[in-house]
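For reference, the chains in residue letters:
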Amino acid sequence: YRKAIKAGAPVVGVFDSAGAKLGEGISALSGIGAVIAQAAAAKNAVPQVAVIAGACGGGMAAVASLADFVIADSSRGELYVLPESGKSDRQGVKRASLYAEGTEGLAAKTRELLAYLPENSSEGTVYTVAPEDINVPAEGVEDLVSGDVKELIPVIADSRDFYEISADFAKEMVCGFAAVNGKVVGVVANQPVVNGGALTAKAAKKAAGFVDFLGRFGIPVLTLVNSVGFGGENCGCYAGNLADLASAYTSCRSAKVTVVTGAAYGSAFTLMGSKNLGADMVFALDSAVISVMAPETAVEFVWDDRLKSSADPAQARQELRSEWEATAASPLSAARQGDADDVIAFSELKQRIAAALEVF
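A few points on the structure. (Residues numbered from 1 in each chain as written. Predicted model: local features only at pLDDT ≥ 70, side-chain atom pairs only at ≥ 80, totals over all residues. Heavy atoms only, no water.)

1. Some thoughts on the overall build of the chain
Next up, step 1: Counting its regular elements, the chain contains 14 helices and 13 strands.
Next up, step 2: On C-alpha atoms alone, the chain measures out to a radius of gyration of 23 Å, which is about the 21 Å that the 2.2 N^0.38 rule sets for 360 residues.
Next up, step 3: Projecting the C-alpha coordinates of the chain onto the three principal axes gives extents of approximately 85 × 50 × 30 Å.
Next up, step 4: Residues classed as buried in the chain amount to 50% of the 360 residues present.
Next up, step 5: Across the chain, the fraction of contacts at a sequence separation of at least 24, relative to all contacts at a separation of at least 6, is 71%. (Helix = DSSP H or I, 4+ residues; strand = E, 2+ residues; numbered from the N terminus. Rg over C-alpha atoms; globule rule 2.2 N^0.38 Å. Buried < 20%, exposed > 50% of the residue type's maximum accessible area, 1.4 Å probe, protein only. Contact = heavy atoms within 4.5 Å.)

2. Some remarks on a positive patch on the surface
Next up, step 1: On the surface, Lys 94, Arg 95, Lys 202 and Lys 205 cluster together into a patch of positive charge.
Next up, step 2: Here Lys 94 lies in the loop between strand E4 (78-79) and strand E5 (98-100). (Patch = residues over 30% accessible without salt bridge, like charges linked within 9 Å, V, L, I, M, F, W, Y side chains within 5 Å. Areas by Shrake-Rupley, 256 points an atom, 1.4 Å probe, with all protein chains shown as cover. Salt bridge = Lys/Arg side-chain N within 4 Å of Asp/Glu carboxyl O. Lys, Arg positive; Asp, Glu negative; His and termini not counted. Charge placed at Lys NZ, Arg CZ, Asp CG, Glu CD.)

3. Observations concerning the nonpolar core
Next up, step 1: Ranked by internal contacts, the top residues of the largest apolar core, which has 53 residues, are Leu 113, Phe 177, Val 188 and Leu 245.
Next up, step 2: Ranked by residue count, the leading element in this core is helix H7 (residues 201-216), at 9 residues.
Next up, step 3: With 32 residues, the next largest nonpolar core counts Val 149, Ala 189, Phe 283 and Ile 353 among its residues. (Core = buried A, V, L, I, M, F, W, Y, C linked by side-chain atoms within 4.5 Å.)

4. Things to note about unusual backbone geometry
Next up, step 1: Look at Ala 170: it is not a glycine, yet its phi comes out positive at around 50°.
Next up, step 2: Residue placement: Ala 170 occurs in the loop between strand E6 (163-165) and strand E7 (173-180).
Next up, step 3: We note that Asn 195 has phi near 55°; this positive angle belongs to a residue other than glycine.
Next up, step 4: When you line up the elements, Asn 195 lands in the loop between strand E8 (183-190) and H7.

5. Looking at H7
Next up, step 1: In this model H7 runs 23 Å from its N-terminal to its C-terminal C-alpha over 16 residues, within 8% of the 22 Å that 1.5 Å per residue would give.
Next up, step 2: The buried fraction of H7 amounts to 12 of the 16 residues, a majority that puts the element mostly inside the structure.
Next up, step 3: Positioned one or two residues after H7, Gly 218 has a phi angle of 65°, which is positive. (Expected span 1.5 Å × (residues − 1).)

6. Let's talk about the packing of aromatic side chains
Next up, step 1: Counted according to the given criterion, the structure contains 7 aromatic pairs.
Next up, step 2: Aromatic side chains Phe 230 and Tyr 238 sit 6.0 Å apart centroid to centroid with 75° between the ring planes, which places their arrangement in the edge-to-face category.
Next up, step 3: The buried category is assigned to Tyr 238, whose relative accessible area is 5%.
Next up, step 4: One aromatic cluster is present, formed by Phe 69, Tyr 116, Tyr 163, Phe 177, Phe 210, Phe 213 and Phe 217 through successive ring pairs. (Phe/Tyr/Trp six-rings, centres within 6.5 Å; stacked < 30°, edge-to-face > 60°.)

7. Considering the side chain of Gln 191
Next up, step 1: Note that Gln 191 resides in the loop between E8 and H7.
Next up, step 2: Looking at Gln 191, the relative accessible area reads 3%, which means it is buried.
Next up, step 3: Polar side-chain contacts of Gln 191 include one of 2.7 Å to the side chain of Asp 148.
Next up, step 4: Apart from the residues lying within four places of it in its own chain, the contact partners of Gln 191 are Gly 147, Asp 148, Val 149, Lys 150, Lys 171, Glu 172, Met 173, Val 174, Gly 196 and Gly 197. (Polar contact = N/O pair within 3.5 Å; in protein donor to acceptor, adjacent residues only side chain to side chain.)

Next up, the structure:
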């Protein structure tokens, strides 16, 4: 670890251990403590990848958990603290960044991931050769913005390649790597086809951890916003997760470009890489709806008197919703207030993102 930090080289740890050798007593505890200290010291210096090839227990589980990414063997990998804590604590690795099968699969996944990562925090993001002309208008964006965001991201990415991270955790949030005009960026996106892209506690935790990593290693952050707002949890931990997400964006020293591609209701607009949290450039597609709450709810609150005085409340509700979306929830309104830098057409999406990333 000390030499890796000095050389500015990533660390890959392969874990297949049940923990400390009990016969060595306190010496074993001291040794693990020294490794934990070095892993913590490397946190802001070099990327760390933990490969869980088998059991990873005791103090070594703490070492592996300090890594930026965990790649687990889907059949043999186990991550636990106490070996006798029960079966429920030893059912594989539930929140790995990536999964693979066997030694060759783990090695291949590790190589794939490392290709997107800089060698150290001083180097900045990885650059590749852009395979196509960035000035060619993007096609099909209008048909994709309201659907699966995993189909939209490839339209923005070079060669349509998107490398997703933690796909099985908090599916209402999508995180991963892509190259845009030859520059590797981290993508953070709401997933509208899962719970409306709600900003749940788990989604906030997932995004916060990823943005934190991107900021520590100078990788630009591309945020795609399409969320109905909060996810309904009502606990202190949820508020803490939201605060961590806000903090991650605020402290992130990388370039940050945000695009509102669909709905941006309530604090989801604020917390998902807004200007107030430090975004360098914020765009909104001209079909975006940016509202303090869902338009149908806003109409009930703000224009209740107009609804009650209407002869046909159902028709009035629909008309008032359209009026709200065209005025108070219009992306033009956000642009006038300085919360969006520009309202852009569907065909300009990749071009404008690439241009903004070059500026910052």
